[in-house]
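Given next are the chains, with one letter for each unit.
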Amino acid sequence: MIIVFKPKVNEEEVKKVVEQVETKGLTTHLVVGEGVTICGVIGDTTKVDPKQIEVLPVVEKVMHVGEPYKLANRAFHPDDSIIDVSGVKVGGDHLALIAGPCSVESKEQVIEIAKAAKAAGANLLRGGAFKPRTSPYAFQGMGSEGLDILVAAKEATGLPIVSELMSAEYIEEFNEKVDLVQIGARNMQNFDLLKEVGKRCTKPILLKRGLSSTYEEWIMSAEYIMASGNPNVILCERGVRTFETYTRNTLDLQAIPVIKRLTHLPIIIDPSHAGGKWWLVEPMAKASVAAGCDGLMIEVHNNPECALCDGPQSLKPKKYTELIEEIKDIAKIVGKEV
Ligand code: PEP
Ligand code: MN
(Lines give C-alpha, C1' and ligand atoms only; values in the text may rest on other atoms or scores of the structure.)
(Ligands and ions follow the chains in the order given, each with its own letter.)
Protein backbone atom coordinates (compact mmCIF):
# COMPACT_ATOMS: atom_id res chain seq x y z
CA MET A 1 0.00 0.00 0.00
CA ILE A 2 1.27 3.48 -0.82
CA ILE A 3 0.17 6.64 0.97
CA VAL A 4 0.62 9.83 -1.04
CA PHE A 5 0.63 13.01 1.08
CA LYS A 6 -0.72 16.41 0.07
CA PRO A 7 1.93 18.87 -1.15
CA LYS A 8 3.44 21.08 1.56
CA VAL A 9 2.65 18.60 4.33
CA ASN A 10 4.91 19.09 7.35
CA GLU A 11 7.06 16.50 9.07
CA GLU A 12 4.94 16.41 12.21
CA GLU A 13 1.76 15.60 10.27
CA VAL A 14 3.48 12.82 8.32
CA LYS A 15 4.84 11.35 11.53
CA LYS A 16 1.33 11.09 13.00
CA VAL A 17 0.04 9.09 10.01
CA VAL A 18 3.13 6.86 10.00
CA GLU A 19 2.64 6.11 13.69
CA GLN A 20 -1.02 5.31 13.15
CA VAL A 21 -0.08 2.72 10.51
CA GLU A 22 2.81 1.29 12.53
CA THR A 23 0.59 0.63 15.56
CA LYS A 24 -1.10 -2.02 13.39
CA GLY A 25 2.21 -3.91 13.16
CA LEU A 26 3.06 -2.72 9.65
CA THR A 27 6.41 -1.48 8.40
CA THR A 28 6.67 1.91 6.68
CA HIS A 29 9.19 3.36 4.28
CA LEU A 30 9.11 7.10 3.80
CA VAL A 31 10.25 8.86 0.63
CA VAL A 32 10.46 12.67 0.82
CA GLY A 33 10.83 14.13 -2.65
CA GLU A 34 10.63 17.62 -4.01
CA GLY A 35 7.08 18.75 -3.42
CA VAL A 36 5.80 15.25 -2.75
CA THR A 37 6.02 12.86 0.19
CA ILE A 38 4.99 9.23 -0.10
CA CYS A 39 4.98 6.35 2.35
CA GLY A 40 5.24 2.69 1.36
CA VAL A 41 3.47 0.32 3.75
CA ILE A 42 4.61 -3.29 3.98
CA GLY A 43 3.03 -6.19 5.87
CA ASP A 44 -0.50 -7.46 6.30
CA THR A 45 -2.33 -4.41 4.94
CA THR A 46 -5.70 -6.08 5.53
CA LYS A 47 -5.24 -4.72 9.08
CA VAL A 48 -5.77 -1.12 7.94
CA ASP A 49 -8.74 0.36 6.19
CA PRO A 50 -7.32 2.49 3.35
CA LYS A 51 -10.46 4.66 3.39
CA GLN A 52 -9.77 5.66 6.98
CA ILE A 53 -6.33 6.89 6.00
CA GLU A 54 -7.57 8.57 2.85
CA VAL A 55 -9.95 10.80 4.80
CA LEU A 56 -7.09 12.31 6.83
CA PRO A 57 -6.70 15.96 5.77
CA VAL A 58 -2.97 15.56 4.99
CA VAL A 59 -3.43 12.54 2.74
CA GLU A 60 -3.93 12.98 -1.03
CA LYS A 61 -4.66 9.33 -1.86
CA VAL A 62 -3.98 5.72 -0.90
CA MET A 63 -3.03 3.20 -3.56
CA HIS A 64 -3.17 -0.55 -3.36
CA VAL A 65 -0.34 -2.64 -4.65
CA GLY A 66 -1.19 -6.31 -4.58
CA GLU A 67 -4.56 -7.90 -3.96
CA PRO A 68 -6.78 -7.65 -0.88
CA TYR A 69 -7.08 -11.43 -0.64
CA LYS A 70 -4.41 -13.59 0.95
CA LEU A 71 -5.62 -17.16 1.50
CA ALA A 72 -6.97 -17.57 -2.03
CA ASN A 73 -4.01 -15.78 -3.61
CA ARG A 74 -1.79 -17.77 -5.97
CA ALA A 75 1.16 -15.61 -4.83
CA PHE A 76 1.11 -17.26 -1.39
CA HIS A 77 0.27 -20.76 -2.68
CA PRO A 78 1.89 -21.34 -6.09
CA ASP A 79 0.56 -24.91 -6.56
CA ASP A 80 -2.97 -25.69 -7.69
CA SER A 81 -5.22 -26.71 -4.81
CA ILE A 82 -6.79 -30.11 -5.28
CA ILE A 83 -10.04 -30.44 -3.35
CA ASP A 84 -11.16 -33.87 -2.24
CA VAL A 85 -14.94 -34.27 -2.51
CA SER A 86 -15.60 -37.57 -0.74
CA GLY A 87 -12.91 -39.29 -2.80
CA VAL A 88 -13.42 -37.33 -6.05
CA LYS A 89 -10.49 -35.03 -6.73
CA VAL A 90 -11.24 -31.59 -8.15
CA GLY A 91 -8.36 -29.46 -9.48
CA GLY A 92 -4.89 -30.20 -10.83
CA ASP A 93 -5.25 -32.64 -13.69
CA HIS A 94 -8.59 -34.06 -12.51
CA LEU A 95 -11.75 -33.11 -14.39
CA ALA A 96 -14.90 -33.14 -12.26
CA LEU A 97 -18.10 -34.00 -14.08
CA ILE A 98 -21.13 -32.92 -12.10
CA ALA A 99 -24.52 -33.82 -13.57
CA GLY A 100 -28.11 -33.98 -12.45
CA PRO A 101 -31.42 -32.16 -12.48
CA CYS A 102 -31.84 -28.54 -11.51
CA SER A 103 -34.30 -29.63 -8.80
CA VAL A 104 -34.99 -32.87 -7.03
CA GLU A 105 -38.56 -33.76 -8.06
CA SER A 106 -38.98 -37.40 -7.02
CA LYS A 107 -36.94 -40.43 -6.02
CA GLU A 108 -37.57 -42.20 -9.34
CA GLN A 109 -36.52 -39.12 -11.30
CA VAL A 110 -33.24 -38.60 -9.44
CA ILE A 111 -32.23 -42.25 -9.39
CA GLU A 112 -32.94 -42.66 -13.11
CA ILE A 113 -30.89 -39.55 -13.95
CA ALA A 114 -28.11 -40.48 -11.52
CA LYS A 115 -27.71 -43.93 -13.08
CA ALA A 116 -27.60 -42.48 -16.59
CA ALA A 117 -25.15 -39.75 -15.55
CA LYS A 118 -22.87 -42.29 -13.91
CA ALA A 119 -22.96 -44.55 -16.96
CA ALA A 120 -21.99 -41.53 -19.08
CA GLY A 121 -18.94 -40.89 -16.88
CA ALA A 122 -20.15 -38.29 -14.38
CA ASN A 123 -18.41 -38.49 -11.01
CA LEU A 124 -20.68 -36.23 -8.94
CA LEU A 125 -24.47 -35.91 -8.74
CA ARG A 126 -26.17 -32.53 -8.47
CA GLY A 127 -29.74 -31.74 -7.46
CA GLY A 128 -31.36 -28.74 -5.83
CA ALA A 129 -33.47 -29.40 -2.75
CA PHE A 130 -33.63 -25.77 -1.60
CA LYS A 131 -34.20 -23.60 -4.68
CA PRO A 132 -33.51 -19.88 -4.97
CA ARG A 133 -36.35 -18.84 -7.28
CA THR A 134 -37.01 -15.34 -8.57
CA SER A 135 -40.75 -15.79 -8.02
CA PRO A 136 -42.19 -16.77 -4.64
CA TYR A 137 -44.92 -18.62 -6.57
CA ALA A 138 -42.45 -20.89 -8.40
CA PHE A 139 -41.48 -24.36 -7.11
CA GLN A 140 -39.23 -23.81 -4.08
CA GLY A 141 -37.75 -27.30 -3.92
CA MET A 142 -38.49 -30.35 -1.78
CA GLY A 143 -36.29 -29.25 1.13
CA SER A 144 -34.98 -31.92 3.51
CA GLU A 145 -37.02 -34.59 1.75
CA GLY A 146 -35.12 -33.71 -1.42
CA LEU A 147 -31.79 -34.20 0.37
CA ASP A 148 -32.94 -37.66 1.50
CA ILE A 149 -33.72 -38.53 -2.12
CA LEU A 150 -30.19 -37.46 -3.11
CA VAL A 151 -28.78 -39.67 -0.35
CA ALA A 152 -30.81 -42.61 -1.74
CA ALA A 153 -29.42 -41.87 -5.23
CA LYS A 154 -25.90 -41.82 -3.78
CA GLU A 155 -26.54 -45.20 -2.20
CA ALA A 156 -27.78 -46.53 -5.55
CA THR A 157 -24.90 -45.17 -7.65
CA GLY A 158 -21.99 -44.30 -5.34
CA LEU A 159 -21.95 -40.74 -6.72
CA PRO A 160 -21.20 -38.07 -4.10
CA ILE A 161 -23.81 -35.30 -3.89
CA VAL A 162 -23.74 -31.57 -4.66
CA SER A 163 -26.65 -29.44 -3.43
CA GLU A 164 -27.32 -25.78 -2.70
CA LEU A 165 -27.46 -24.40 0.83
CA MET A 166 -29.46 -21.19 1.21
CA SER A 167 -29.64 -20.80 4.98
CA ALA A 168 -27.16 -21.41 7.81
CA GLU A 169 -30.00 -23.13 9.64
CA TYR A 170 -29.39 -26.30 7.58
CA ILE A 171 -25.58 -26.51 7.80
CA GLU A 172 -25.53 -29.50 10.16
CA GLU A 173 -28.01 -31.38 7.98
CA PHE A 174 -25.87 -30.66 4.91
CA ASN A 175 -22.76 -31.86 6.78
CA GLU A 176 -24.53 -35.14 7.31
CA LYS A 177 -26.06 -35.66 3.87
CA VAL A 178 -24.21 -33.64 1.22
CA ASP A 179 -20.63 -34.03 -0.07
CA LEU A 180 -20.14 -30.63 -1.74
CA VAL A 181 -22.12 -27.63 -0.50
CA GLN A 182 -23.14 -25.17 -3.21
CA ILE A 183 -23.49 -21.48 -2.44
CA GLY A 184 -25.55 -20.11 -5.32
CA ALA A 185 -25.00 -16.98 -7.40
CA ARG A 186 -27.63 -15.05 -5.47
CA ASN A 187 -25.93 -15.74 -2.15
CA MET A 188 -22.36 -15.10 -3.25
CA GLN A 189 -22.27 -11.93 -1.18
CA ASN A 190 -24.39 -13.15 1.72
CA PHE A 191 -21.45 -12.54 4.03
CA ASP A 192 -23.09 -13.93 7.17
CA LEU A 193 -23.82 -17.18 5.33
CA LEU A 194 -20.24 -17.29 3.98
CA LYS A 195 -18.83 -16.87 7.49
CA GLU A 196 -21.09 -19.59 8.87
CA VAL A 197 -20.17 -22.13 6.16
CA GLY A 198 -16.53 -21.23 6.74
CA LYS A 199 -16.92 -21.93 10.44
CA ARG A 200 -19.36 -24.84 10.52
CA CYS A 201 -19.31 -26.70 7.19
CA THR A 202 -17.21 -29.84 7.34
CA LYS A 203 -17.60 -30.36 3.57
CA PRO A 204 -15.98 -28.45 0.66
CA ILE A 205 -17.85 -25.46 -0.77
CA LEU A 206 -18.78 -24.79 -4.40
CA LEU A 207 -18.99 -21.01 -4.66
CA LYS A 208 -20.87 -19.75 -7.70
CA ARG A 209 -20.09 -16.36 -9.18
CA GLY A 210 -22.69 -13.66 -8.46
CA LEU A 211 -24.87 -12.42 -11.30
CA SER A 212 -22.82 -9.24 -11.82
CA SER A 213 -19.77 -9.83 -9.66
CA THR A 214 -16.23 -8.90 -10.55
CA TYR A 215 -13.42 -11.42 -10.17
CA GLU A 216 -12.20 -9.58 -7.09
CA GLU A 217 -15.62 -9.60 -5.41
CA TRP A 218 -15.95 -13.32 -6.16
CA ILE A 219 -12.49 -14.15 -4.82
CA MET A 220 -13.14 -12.00 -1.73
CA SER A 221 -16.23 -14.15 -1.08
CA ALA A 222 -14.03 -17.26 -1.27
CA GLU A 223 -11.67 -15.45 1.10
CA TYR A 224 -14.56 -15.00 3.59
CA ILE A 225 -15.13 -18.77 3.66
CA MET A 226 -11.41 -19.56 3.90
CA ALA A 227 -10.71 -16.91 6.55
CA SER A 228 -13.57 -18.37 8.62
CA GLY A 229 -11.93 -21.78 8.69
CA ASN A 230 -12.86 -23.78 5.59
CA PRO A 231 -9.99 -23.84 3.06
CA ASN A 232 -11.77 -26.16 0.62
CA VAL A 233 -13.38 -23.86 -1.91
CA ILE A 234 -14.12 -24.57 -5.57
CA LEU A 235 -15.23 -21.64 -7.76
CA CYS A 236 -17.95 -21.97 -10.38
CA GLU A 237 -18.49 -19.58 -13.30
CA ARG A 238 -22.15 -19.75 -14.37
CA GLY A 239 -22.51 -16.82 -16.75
CA VAL A 240 -22.76 -13.14 -15.93
CA ARG A 241 -25.37 -10.49 -16.73
CA THR A 242 -24.65 -8.42 -19.82
CA PHE A 243 -26.70 -6.27 -22.21
CA GLU A 244 -27.57 -9.42 -24.17
CA THR A 245 -31.05 -10.80 -23.57
CA TYR A 246 -31.12 -13.60 -26.15
CA THR A 247 -29.20 -15.88 -23.81
CA ARG A 248 -29.97 -16.21 -20.09
CA ASN A 249 -26.47 -14.97 -19.20
CA THR A 250 -23.14 -14.65 -20.98
CA LEU A 251 -20.54 -17.32 -20.22
CA ASP A 252 -17.30 -15.65 -19.21
CA LEU A 253 -14.68 -18.10 -20.46
CA GLN A 254 -11.92 -15.66 -19.55
CA ALA A 255 -12.74 -16.42 -15.93
CA ILE A 256 -10.83 -19.71 -16.31
CA PRO A 257 -7.35 -18.29 -17.04
CA VAL A 258 -7.96 -15.22 -14.86
CA ILE A 259 -8.99 -17.22 -11.78
CA LYS A 260 -6.10 -19.61 -12.33
CA ARG A 261 -3.68 -16.70 -12.52
CA LEU A 262 -5.01 -14.91 -9.43
CA THR A 263 -5.83 -17.90 -7.21
CA HIS A 264 -4.84 -21.51 -6.58
CA LEU A 265 -8.49 -22.65 -6.33
CA PRO A 266 -10.13 -24.99 -8.85
CA ILE A 267 -12.66 -23.42 -11.21
CA ILE A 268 -15.50 -25.32 -12.80
CA ILE A 269 -17.97 -24.14 -15.45
CA ASP A 270 -21.77 -24.36 -15.45
CA PRO A 271 -22.77 -23.90 -19.10
CA SER A 272 -26.43 -24.69 -18.31
CA HIS A 273 -27.20 -21.55 -16.29
CA ALA A 274 -24.88 -19.52 -18.52
CA GLY A 275 -26.72 -19.94 -21.81
CA GLY A 276 -30.10 -21.06 -20.54
CA LYS A 277 -30.56 -23.16 -23.70
CA TRP A 278 -29.78 -26.87 -23.98
CA TRP A 279 -28.14 -26.56 -27.39
CA LEU A 280 -25.60 -24.06 -26.08
CA VAL A 281 -24.38 -26.50 -23.45
CA GLU A 282 -22.36 -28.71 -25.78
CA PRO A 283 -20.23 -26.05 -27.54
CA MET A 284 -19.68 -24.09 -24.32
CA ALA A 285 -18.75 -27.20 -22.34
CA LYS A 286 -16.19 -28.14 -24.98
CA ALA A 287 -14.75 -24.63 -25.06
CA SER A 288 -14.52 -24.61 -21.26
CA VAL A 289 -12.55 -27.85 -21.13
CA ALA A 290 -10.29 -26.60 -23.92
CA ALA A 291 -9.69 -23.41 -21.91
CA GLY A 292 -8.53 -25.45 -18.91
CA CYS A 293 -11.46 -25.61 -16.50
CA ASP A 294 -11.34 -28.15 -13.66
CA GLY A 295 -14.83 -29.44 -14.14
CA LEU A 296 -18.28 -29.04 -15.62
CA MET A 297 -21.61 -28.80 -13.86
CA ILE A 298 -24.37 -29.66 -16.32
CA GLU A 299 -28.11 -29.98 -15.77
CA VAL A 300 -29.44 -33.32 -16.98
CA HIS A 301 -33.12 -34.24 -16.92
CA ASN A 302 -34.91 -37.39 -18.08
CA ASN A 303 -37.96 -35.39 -19.15
CA PRO A 304 -36.93 -31.73 -19.64
CA GLU A 305 -40.30 -30.79 -21.19
CA CYS A 306 -41.96 -31.45 -17.82
CA ALA A 307 -39.14 -30.30 -15.51
CA LEU A 308 -40.25 -28.18 -12.54
CA CYS A 309 -37.23 -25.92 -13.03
CA ASP A 310 -34.78 -25.13 -15.87
CA GLY A 311 -36.07 -27.71 -18.38
CA PRO A 312 -35.07 -25.58 -21.43
CA GLN A 313 -31.38 -25.68 -20.45
CA SER A 314 -31.29 -29.35 -19.44
CA LEU A 315 -29.75 -32.12 -21.52
CA LYS A 316 -31.40 -35.47 -21.90
CA PRO A 317 -29.20 -38.36 -20.70
CA LYS A 318 -28.47 -39.47 -24.29
CA LYS A 319 -27.12 -36.04 -25.28
CA TYR A 320 -25.12 -35.84 -22.06
CA THR A 321 -23.56 -39.22 -22.79
CA GLU A 322 -22.55 -38.12 -26.30
CA LEU A 323 -21.12 -34.88 -24.94
CA ILE A 324 -18.96 -36.63 -22.34
CA GLU A 325 -17.57 -38.96 -25.00
CA GLU A 326 -16.38 -35.93 -26.97
CA ILE A 327 -15.17 -34.10 -23.87
CA LYS A 328 -12.86 -37.01 -23.04
CA ASP A 329 -10.83 -36.36 -26.21
CA ILE A 330 -10.52 -32.64 -25.50
CA ALA A 331 -9.59 -33.33 -21.87
CA LYS A 332 -6.74 -35.58 -23.01
CA ILE A 333 -5.30 -32.81 -25.18
CA VAL A 334 -5.21 -30.34 -22.27
CA GLY A 335 -3.78 -32.94 -19.88
CA LYS A 336 -6.86 -33.62 -17.76
CA GLU A 337 -8.01 -37.07 -16.80
CA VAL A 338 -11.70 -37.92 -16.75
C1 PEP B 1 -28.43 -23.99 -9.65
O2 PEP B 1 -27.29 -24.45 -9.75
O3 PEP B 1 -29.45 -24.67 -9.73
C4 PEP B 1 -28.59 -22.53 -9.49
C5 PEP B 1 -29.68 -22.01 -8.96
O6 PEP B 1 -27.54 -21.84 -9.96
P7 PEP B 1 -27.17 -20.28 -9.87
O8 PEP B 1 -27.00 -19.97 -8.43
O9 PEP B 1 -25.88 -20.23 -10.64
O10 PEP B 1 -28.26 -19.52 -10.53
MN1 MN C 1 -31.04 -24.66 -12.43
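What you see is a predicted model, and the numbers here were worked out from it, not measured in a lab. (Residues numbered from 1 in each chain as written. Chains lettered and ligands numbered in written order. Predicted model: local features only at pLDDT ≥ 70, side-chain atom pairs only at ≥ 80, totals over all residues. Heavy atoms only, no water.)

K.L.:
What's the story with the packing of helix 10 (residues 278-290) against helix 11 (residues 317-333) in this structure? I'm lost.
P.N.:
At a minimum axis distance of 9 Å, the contact between helix 10 and helix 11 shows a crossing angle of 20°. Regarding the angle of helix 10 to helix 11, the classification is roughly parallel. For the element pair helix 10 and helix 11, the recorded crossing hand is right-handed. Seen from helix 10, the contacting residues are W278, V281, E282, A285, K286, V289 and A290; seen from helix 11, they are K319, L323, E326, I327, I330 and A331. (Axes fitted to C-alpha atoms, helices over the stretch in contact; angles between N-to-C directions. Helix = DSSP H or I, 4+ residues; strand = E, 2+ residues; numbered from the N terminus. Parallel < 35°, antiparallel > 145°, perpendicular 65-115°, else oblique. Left-handed = near helix turned anticlockwise from the far one by under 90°. Contact = heavy atoms within 4.5 Å.)

K.L.:
It is not clear to me how the domain arrangement of the protein should be interpreted in this structure. Could you clarify?
P.N.:
Buried accessible area, meaning the area lost when the parts come together, often serves as the stated size of an interface. Partitioning the protein into structural domains gives domain 1 (2-63) and domain 2 (83-333). Its C-alpha centre places domain 1 at a distance of 44 Å from the equivalent point of domain 2. (Domains from an automatic or database assignment.)

K.L.:
Got a minute to help me understand the sheet that holds strand 2 (residues 27-32) in this structure?
P.N.:
Whether parallel or antiparallel, the strands of a sheet pair through hydrogen bonds between backbone atoms. Strands sit in the order 2-3-1-4 across an open sheet of four strands; the sheet is antiparallel. Each edge of the sheet is formed by a strand with only one pairing partner; in this case those strands are strand 2 and strand 4 (59-63). Mean inter-strand twist for the sheet, computed between neighbouring axes without regard to direction, equals 20°. Both strand 1 (residues 2-5) and strand 4 contribute to a ladder of four bridges, which runs antiparallel. If you follow F5 over to strand 4, its bridge partner there is V59. (Pairing = 2+ DSSP bridges.)

K.L.:
Where do I start with the coordination of the manganese ion (ligand 2) in this structure?
P.N.:
Metal coordination angles have textbook ideals: 109.5 degrees for a tetrahedral set of four donors and 90 or 180 degrees for an octahedral set of six. Binding of the manganese ion (ligand 2) to the protein goes through C102 (SG), H273 (NE2), E299 (OE) and D310 (OD), at separations of 2.0 to 2.4 Å. Linear spacing of the donor residues for the manganese ion (ligand 2) on their chain is C-x170-H-x25-E-x10-D. Taken as a pair, H273 in helix 9 (residues 271-275) and E299 in strand 14 (residues 295-299) lie far apart in primary sequence, 26 residues in all. (Donors = N, O, S within 2.8 Å, 3.2 Å for Na, K, Ca; no water.)

K.L.:
I keep staring at the environment of D79 and nothing clicks. Help me out?
P.N.:
Looking at the element boundaries, D79 is found in the loop between strand 4 and strand 5 (83-85). Ignoring sequence-local partners within four residues, the contact set of D79 consists of R74 and H264.

K.L.:
I keep staring at the pairing of strand 14 and nothing clicks. Help me out?
P.N.:
Consecutive residues of a regular strand have side chains that alternate between opposite faces of the sheet. Buried residues dominate strand 14, accounting for five of its five residues. Burial along strand 14 is two-sided: the face carrying G295, M297 and E299 and the face carrying L296 and I298 are both buried. Pairing of strand 7 (residues 96-100) with strand 14 involves five bridges; the strand directions are parallel. Bridge pairing in strand 14 places A99 opposite I298. (Buried < 20%, exposed > 50% of the residue type's maximum accessible area, 1.4 Å probe, protein only.)

K.L.:
How should I be thinking about the nonpolar core in this particular structure?
P.N.:
Soluble globular proteins: nonpolar side chains tend toward being buried together. Counting 65 residues, the largest nonpolar core has V197, L207, W218, L296, I298 and Y320 as the members making the most contacts within it. Judged by nonpolar contacts, the second largest core, of 16 residues, contains I3, V9, V14 and C39. (Core = buried A, V, L, I, M, F, W, Y, C linked by side-chain atoms within 4.5 Å.)

K.L.:
What is the right way to read empty space enclosed by the protein from this model?
P.N.:
Once rolled over the atoms, a probe with the size of a water molecule shows which space is left empty. What the rule picks out here adds up to one cavity of 30 Å³ or more. A volume near 30 Å³ is recorded for the largest cavity. Lining the largest cavity, in full, are R126, G127, G128, K131, V162, S163, E164 and Q182. Of all the elements, strand 9 (residues 161-164) adds the most residues to the lining of the largest cavity, at three residues. Split by residue class, the lining of the largest cavity holds one nonpolar, four polar and three charged. (1 Å grid on protein atoms, 1.4 Å probe; cavity = no way out; pocket = protein on both sides within 12 Å on 5 of 7 lines; lining within 4 Å. Points joined across faces, edges and corners; volume = space filled by probe spheres on them. Nonpolar A, V, L, I, M, F, W, Y, C, P; charged D, E, K, R; others polar.)

K.L.:
When you look at the environment of E164 in this model, what are you seeing that I'm missing?
P.N.:
Summarising the element assignment, E164 is placed in strand 9. For the pair formed by E164 and D49, sequence separation is 115 residues and the distance between their alpha carbons is 33 Å. Contacts of E164, omitting those with residues within four sequence positions, involve F130, P132, F174, Q182 and G184.

K.L.:
Teacher, can you tell me more about the site of ligand 1 here?
P.N.:
Near ligand 1 you find 13 residues, and of these R126, A185, R186, K208 and R238 are the closest. Separating an oxygen atom of ligand 1 from a side-chain N or O atom of Q182 is a distance of 2.9 Å. Between ligand 1 and the protein, one listed contact pairs an oxygen atom with a side-chain N or O atom of K208 at 2.8 Å. Relative to its unbound accessible surface of 290 Å², ligand 1 loses 97% to contact with the protein. Split into classes, the residues belonging to the shell around ligand 1 amount to three nonpolar, three polar and seven charged. (Near = heavy atom within 4 Å. Polar contact = N/O pair within 3.5 Å; in protein donor to acceptor, adjacent residues only side chain to side chain. Areas by Shrake-Rupley, 256 points an atom, 1.4 Å probe, with all protein chains shown as cover.)

K.L.:
Where do I start with the packing of aromatic side chains in this structure?
P.N.:
Scanning the model with the defined rule gives three aromatic pairs in all. For the pair F130 and Y170, a centre-to-centre distance of 4.6 Å together with 40° between the ring planes defines the contact as tilted. In this pair, F130 sits in the loop between strand 8 (124-126) and helix 4 (144-157) while Y170 sits in the loop between strand 9 and helix 5 (171-177), placing the two residues 40 residues apart along the sequence. Relative to Y224, the ring of F191 has its centre 4.6 Å away and its plane inclined at 25°; by these criteria the two rings are stacked. Placement of the pair is F191 in helix 6 (residues 191-200) and Y224 in helix 7 (residues 215-227), with a sequence separation of 33 residues. (Phe/Tyr/Trp six-rings, centres within 6.5 Å; stacked < 30°, edge-to-face > 60°.)

K.L.:
Is there a simple way to explain a nonpolar patch on the surface in this structure?
P.N.:
A cluster of nonpolar residues, Y246, W278 and W279, forms a patch on the protein surface that exposes about 380 Å² of accessible area. Among the secondary structure elements, W278 is positioned in helix 10. (Patch = residues over 30% accessible without salt bridge, like charges linked within 9 Å, V, L, I, M, F, W, Y side chains within 5 Å. Salt bridge = Lys/Arg side-chain N within 4 Å of Asp/Glu carboxyl O.)

K.L.:
Which parts of the structure should I look at to understand the pattern of salt bridges?
P.N.:
Taken as a whole and assessed by the stated rule, the structure comprises 21 salt bridges. Where E282 meets K286, a salt bridge forms, and the shortest distance between an N and an O atom there is 2.7 Å. Highlighted residues: E282 and K286, both in helix 10, separated by four residues, approximately one helical turn. For E322, the salt bridge is made with K318, and the minimal N-O distance between the two is 3.1 Å. Here E322 pairs with K318, and both are found in helix 11, just four residues apart, close to one helical turn. The exposed category is assigned to K318, whose relative accessible area is 62%. Through salt bridges with shared partners, a single ionic network connects E172, E196, K199 and R200.

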